[in-house]
Amino acid sequence: MPKSCCVVSCTSNVFKNPGLKFIPLPCQIKQAERRMLWLQAIKREAPDGGLWDPKTPHTYVCGKHFITGSHVKEPLHPDFVPTIFPHRTVSDPNQKLNRYKHARKREQMSPLLKRKVAKMTAVSPDLPTILDEDHCPVDNDDADDVPDEMRESRNCLSSYSLEENDGKCRQMTGLSWTMFLSLFTFLNQFVKRRGYISLPPRDQLFITLIKLCQNPSFFFLSHVLKMPQTTVRQIFIRWLDLMYGKISILVHWPDRECFLMIPPEMKAQFPRLTAIIDCFEIRTEYPSNLKARAKSYSNYKKWTTVKYLIACSPSGSITFLSNGWGGRASDVHIVRQSGFLSSVYHSPGDQILADRGFTLQDDFALLGVELVTPSFTKGRKQLPGREVEMSRRKSNIRIHIGK
């Protein structure tokens, strides 16, 4: 088949437009992040209502959708992603290109300015320095050599501002300082340096964990870090993908011997406990597609969410994580469809703690597993004292999954 543009309502092809460039979509494996940005910009809907993602490698975007008529591999260039579409109104596309050229010109001038100031201060040491961080971006390769005091004065959201402080590090990232440093040491060997990002790799991971733990907006992070929002988003997505690729293996179902090491307070009440399960939801933006919005709307959160089933062992480690579901899906539906109801994970006699919304006693009974949940009133005005006390004990142990 001849090359043709995949953008909706664009009829360009290699026969009608012989002088027009046709650029294939970025590779799904080597350029996954860039491919996703292209697909989001194209905004083409799949038959199931989701985002269109073709499987064939012979899918093209014509040069009409790029400011310069072709794509550019520089991530900060406006043609890194196609931007000209019928569904998107752009007053003057050349403004983006001019801003990019001015920014590159300033970056090229900054080394000259630093050399001039160095000569001036050598002649007159009392001459005040006129350069600041905005004019002198720090290269990634030299960033680790900057003293801690300079980092703290330059950027308050830096891992160097709380070095060796377990309490502050745990509050901001959810990890102790030792654990954070170990995680960075392991992941850093897989990081490819990118010259256009001035933030040191350790601070990139630090910002990613702050986003996951505290969820500040990208606008806030870009303002504090004095970086474009697109760069902050790229840092977050890049490290998130890296962590998923390298440490997701830590989420696995343990061997049977591990369940013997149950904390004493749990073992006294539930001696055969193997898992505590619950569902959690992550708030998302409203999808533009109405079907997707209906499927992801959560009546509990009163917003569109993505919902997951999670299980943790009595010792507190995460042992199971399901695929994501729309917020509309019930807890019972997710458990049944996630593959958790399997003899691969459970043996006869096991006990599992859950909230009262998991009405799956019969499903687990088929595996010989006891599902322990708090009691229902079932039309009664009040629970008997014994059931109230038992429900309180179950809830006190089940709440460990929320910590």
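Counting restarts for each chain, with residues numbered from 1 along the sequence as it is written. Where totals are concerned, whole chains, interfaces and linings use all residues; where local detail is concerned, this predicted model gives features only for residues with pLDDT of at least 70, and gives and counts side-chain atom pairs only at 80 or more. Derived side-chain values reflect all non-hydrogen atoms in the structure, with water molecules and hydrogen atoms excluded from consideration.

- Under the annotation held in an unreviewed UniProt entry, the chain carries the name THAP-type domain-containing protein and is attributed to Cyprinus carpio.
- Database annotation for the chain, UniProt heading Cofactor (unreviewed entry): "a divalent metal cation". UniProt positions are given in the numbering used here, feature names are shortened, and annotations may be inferred rather than shown by experiment.

## Overview of the pattern of salt bridges
- The salt bridge definition used is simple: a Lys or Arg side-chain nitrogen within 4 Å of an Asp or Glu carboxyl oxygen. For the structure on display, the rule yields 6 salt bridges.
- With a closest N to O distance of 2.9 Å, Asp-53 and Arg-35 form a salt bridge. Placement of Asp-53 in the loop between helix 1 (32-42) and strand 2 (60-62) and of Arg-35 in helix 1 is noted, with a sequence separation of 18 residues between them.
- Overall, Arg-35 belongs to the buried group, its relative accessible area being 7%. The numbering of helices and of strands both runs from the N terminus, where a helix is a DSSP run of H or I of at least 4 residues and a strand a run of E of at least 2. A 1.4 Å probe rolled over the protein chains alone gives each residue an accessible area, and that area as a share of the maximum for its type sets the label: buried under 20%, exposed over 50%, partly exposed in between.

## Quick notes on helix 1
- Listed as buried for helix 1 are Arg-34, Arg-35, Trp-38, Leu-39, Ala-41 and Ile-42. Seen from one end, helix 1 has its buried residues packed into an arc of 160°, which puts them on one side.
- Contact definition: two residues touch when any of their heavy atoms are within 4.5 Å. Packed against the buried residues of helix 1 are strand 1 (22-24) and strand 2.
- Positive phi appears at Lys-43, one or two residues downstream of helix 1, with a value of about 60°. Summarising the geometry, the arc corresponds to the directions from the helix axis toward the C-beta atoms.

## Some thoughts on the packing of helix 8 (residues 218-225) against helix 9 (residues 229-247)
- Note on geometry: axes are C-alpha line fits, over the in-contact stretch for helices, and angles between N-to-C directions span 0 to 180 degrees. Viewed as axis vectors pointing N to C, helix 8 and helix 9 meet at an angle of 110°, and their least axial separation amounts to 9 Å. What the angle tells us is that helix 8 and helix 9 run roughly perpendicular. Across the interface between the two elements, Phe-218, Phe-219, Leu-221, Ser-222 and Leu-225 from helix 8 touch Gln-229, Val-232, Arg-233 and Phe-236 from helix 9.
- Of the residues that constitute the contact of helix 8 with helix 9, the class distribution is 6 nonpolar, 2 polar and 1 charged. Every angle not falling under 35 degrees, over 145, or within 65 to 115 is termed oblique; those three ranges are roughly parallel, roughly antiparallel and roughly perpendicular. Three classes are used: nonpolar for Ala, Val, Leu, Ile, Met, Phe, Trp, Tyr, Cys and Pro, charged for Asp, Glu, Lys and Arg, and polar for all others, with Gly counted as polar.

## Some remarks on the side chain of Gln-204
- Turning to its location among the elements, Gln-204 is positioned in helix 7 (residues 201-214).
- One polar contact links the side chain of Gln-204 to the main-chain carbonyl oxygen of Leu-199, over a distance of 2.7 Å.
- In this structure the side chain of Gln-204 is engaged in a polar contact, spanning 2.9 Å, whose partner is the side chain of Trp-239. For this analysis, a polar contact is any N or O atom pair within 3.5 Å, provided that within protein one partner can donate a hydrogen and the other can accept it, and provided that sequence-adjacent residues contribute only side-chain to side-chain pairs.

## Some points on the pairing of strand 3 (residues 273-283)
- By the bridge criterion, 3 bridges tie strand 3 to strand 8 (residues 351-353) in an arrangement that is parallel. Bridged to Leu-273 within strand 8 is Gln-351.
- Strand pairing requires that DSSP identify at least two bridges connecting the strands. For strand 3 and strand 5 (residues 303-312), the ladder comprises 8 bridges, and the chain directions are antiparallel. By the bridge assignment for strand 5, Cys-279 is matched with Leu-309.

## Re unusual backbone geometry
- Its identity is not glycine, yet Asn-215 carries a phi of approximately 55°, on the positive side.
- Among the structural elements, Asn-215 can be located in the loop between helix 7 and helix 8.

## Let's talk about the pairing of strand 5
- Within strand 5, 7 of the 10 residues are buried, which leaves it mostly tucked inside the rest of the structure.
- For strand 4 (residues 297-298) and strand 5, the ladder comprises 2 bridges, and the chain directions are antiparallel. In the sheet register, Tyr-297 faces strand 5, and the bridge partner there is Thr-304.
- In this structure, strand 5 lies alongside strand 6 (residues 318-321), joined through 3 bridges in antiparallel fashion. In the strand pairing of strand 6, Cys-312 is matched with Ile-318.
- From the end of strand 5 to the start of strand 6, which pair antiparallel, there are 5 residues, and Gly-316 there has a positive phi angle of about 105°.

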